[in-house]
Amino acid sequence: LGGDGMDDQIEGHEEILMGPKYFRFDSFKGSVDKTRPVKSLDQIYLQASVLSPFLRGHLMKLAAKSNALLKFRRPNRDSDQGAAADQPKWKTTFESWRNVGMMSSESKGTNLSSSSSSSKFGISRERRRAPSVASGTSGEDQGGVLWAPLKKLERATEKALRTYGGDVSWLLDLCRETLVFENCDDLASAILAVHEEPDLVVVRIKNRLSRDYDAMETAGYRNVIINFRIVHSECEQK
């Protein structure tokens with residue numbers, strides 16, 4: 001609020017605009033209460049652990065809409081055949097969630113939202129720890145999405161102290177996931193899908209693909225980082 005004479009208009013109506021004086025803070029449903037920042041790492045990690053399954057659910061929806069690739073852990077067939085004694089049992093791949101979902105639907109006769117499909121690819125409520133691994137139809141472990149874990153406590157503490165002067169409320173990446181794109185069109189589709197998702201509120205976008213960005217700051221590494229809030233009735237209840 002501002003402008004000439006605005007203070008005079010507000011005077012006498014503070015309780016209507018800002019709430020009763022006995023309220024310890026001013027907040028609105030679905031908004032961020034900036035008067036009460038998180039002050040405890042325990043609290044922020046608890047919130048992140050509850051939020052993580054919701055984030056993964058949204059990530060799969062965005063991946064399906066934009067043909068993004070997700071990181072998977074799959075059995076290394078070469079190790080089964082004895083090609084080399086030092087071959088690891090598992091290998092990491094990047095696969096299109098759209099294609100994986102279609103293969104699941106064809107083989108199981110289900111769709112992406114079904115519980116059997118969700119369980120198969122490691123997103124059931126019982127399997128929230130990363131990496132999430134699910135079993136194949138024959139009982140053989142087929143691997144699954146390799147979800148990102150919560151930020152390590154040591155790294156979060158270091159970042160809070162060195163970068164934010166001990167203010168843990170500035171830690172915005174305890175709960176994070178990654179989508180990989182083969183071209184810029186798919187990346188743009190994902191960003192558009194984020195903006196169109198009613199439960200997602202974009203807070204900040206860091207575009208490190210911009211020509212104006214100095215890649216020397218990140219040793220040549222480029223990406224697009226989106227910070228968003230999940231505004232959902234189930235999140236509010238939890």
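No experiment lies behind these values; they were computed from the predicted model shown.

Sorry, what's going on with the overall build of the chain here?
Regarding its fold elements, the chain presents nine helices and six strands. Here the contacts in the chain between residues at least 6 apart in sequence split such that 57% fall between residues at least 24 apart. For the chain, the accessible area works out to roughly 16,100 Å², and carbon and sulfur atoms hold 51% of it.

What am I meant to see in helix H7 (residues 153-163) here?
Residues spaced three or four apart along an α-helix point in a common direction, a consequence of the helix completing one turn every 3.6 residues. Listed in full, the buried residues belonging to H7 are Ala 156, Lys 159 and Ala 160. Along the axis of H7, the buried positions cluster into a sector of 95°, meaning they face one direction only. Summarising the geometry of H7, the exposed residues directed more than 90 degrees from the buried face are Glu 154, Leu 161 and Arg 162. Buried residues belonging to H7 abut helix H3 (41-66). A positive backbone phi angle near 60° is found at Gly 165, which sits one or two residues after H7.

Could you clarify how one ought to interpret the packing of aromatic side chains in this entry?
Both the distance between ring centres and the angle between the ring planes are used here to describe each pair of aromatic rings. Taken as a whole and assessed by the stated rule, the structure comprises one aromatic pair. When the ring centre of Trp 90 is taken as reference, the NZ or CZ atom of Arg 73 above it lies at 3.9 Å.

Which parts of the structure should I look at to understand the environment of Ser 210?
Inspection of the secondary structure assignment puts Ser 210 in the loop between strand E5 (200-207) and strand E6 (224-230). Placed 14 residues apart in sequence, Ser 210 and Val 224 show a C-alpha to C-alpha distance of 9.2 Å. A polar side-chain atom of Ser 210 sits 3.1 Å from the main-chain amide nitrogen of Asp 212.

Looking at this model, I keep getting lost on helix H8 (residues 184-196). Mind explaining?
Taking 1.5 Å of rise per residue, 13 residues should cover 18 Å, and H8 covers 18 Å from first to last C-alpha, within 8% of that figure. Check the buried side of H8 and you find it contacts H3, E5 and E6. With a side-chain oxygen positioned 3.2 Å from the backbone nitrogen of Asp 185, the residue opening H8 is Asn 183.

Whenever I open this one, the environment of Thr 178 confuses me. Can you help?
As for its placement among the helices and strands, Thr 178 is situated in the loop between H7 and H8. Contacts of Thr 178, omitting those with residues within four sequence positions, involve Leu 59 and Leu 70.

Just to check I follow, could you spell out the side chain of Glu 177 for this structure?
Here Glu 177 shows up in the loop between H7 and H8. Side chain to side chain, Glu 177 and Arg 56 meet in a polar contact 3.4 Å long. There is a polar contact of 3.0 Å between the side chain of Glu 177 and the backbone nitrogen of Ala 148. Those residues in contact with Glu 177 that sit more than four places away from it in its chain are Leu 55, Arg 56, Leu 59, Trp 147 and Ala 148.

How should the packing of H3 against H8 be read in this particular structure?
To describe two helices that pack against each other, one gives the angle between their axes and the distance between the axes. At their nearest, the axes of H3 and H8 sit 8 Å apart, and the two run at 135° to each other. Here H3 is positioned oblique relative to H8, judged by the angle of their axes. Here the hand of the crossing between H3 and H8 comes out right-handed. Facing H3, whose interface residues are Leu 62, Lys 65 and Ser 66, H8 presents Asp 186, Ser 189, Ala 190, Ala 193 and Val 194. Residue classes in the contact of H3 with H8 are distributed as four nonpolar, two polar and two charged.

I would appreciate a short explanation of the pairing of strand E1 (residues 69-75) in the present structure.
Side chains on a regular strand alternate between the two faces of the sheet. Across the seven residues that make up E1, a large majority, five, are buried. Relative to strand E2 (residues 90-96), E1 is paired through seven bridges, and the arrangement is antiparallel. Each bridged residue has a counterpart across the sheet, and for Pro 75 the counterpart in E2 is Trp 90. Inspection of the sheet shows E1 paired to strand E4 (residues 141-145) by two bridges, in the antiparallel sense. Across the sheet, the residue bridging to Phe 72 is Val 145, located in E4.

Any chance you could explain the nonpolar core here in plain terms?
The nonpolar side chains of soluble globular proteins are, as a tendency, buried together. Among the nonpolar cores identified, the biggest contains 29 residues, and Ile 44, Leu 70, Trp 97, Leu 171, Leu 174 and Leu 179 are the most heavily contacted of them. Elements with a minimum of two residues in this core: H3, E1, helix H5 (97-108), H7 and H8. Discounting residues that sit within four places of it in the chain, Leu 171 has contacts with Leu 41, Ile 44, Ala 156, Lys 159, Ala 160 and Tyr 164.

Rules used throughout
Residues numbered from 1 in each chain as written. Predicted model: local features only at pLDDT ≥ 70, side-chain atom pairs only at ≥ 80, totals over all residues. Heavy atoms only, no water. Helix = DSSP H or I, 4+ residues; strand = E, 2+ residues; numbered from the N terminus. Contact = heavy atoms within 4.5 Å. Areas by Shrake-Rupley, 256 points an atom, 1.4 Å probe, with all protein chains shown as cover. Buried < 20%, exposed > 50% of the residue type's maximum accessible area, 1.4 Å probe, protein only. Arc of directions from axis to C-beta. Phe/Tyr/Trp six-rings, centres within 6.5 Å; stacked < 30°, edge-to-face > 60°. Lys NZ or Arg CZ within 6 Å of the ring centre and 35° of its normal. Polar contact = N/O pair within 3.5 Å; in protein donor to acceptor, adjacent residues only side chain to side chain. Expected span 1.5 Å × (residues − 1). Axes fitted to C-alpha atoms, helices over the stretch in contact; angles between N-to-C directions. Parallel < 35°, antiparallel > 145°, perpendicular 65-115°, else oblique. Left-handed = near helix turned anticlockwise from the far one by under 90°. Nonpolar A, V, L, I, M, F, W, Y, C, P; charged D, E, K, R; others polar. Pairing = 2+ DSSP bridges. Core = buried A, V, L, I, M, F, W, Y, C linked by side-chain atoms within 4.5 Å.

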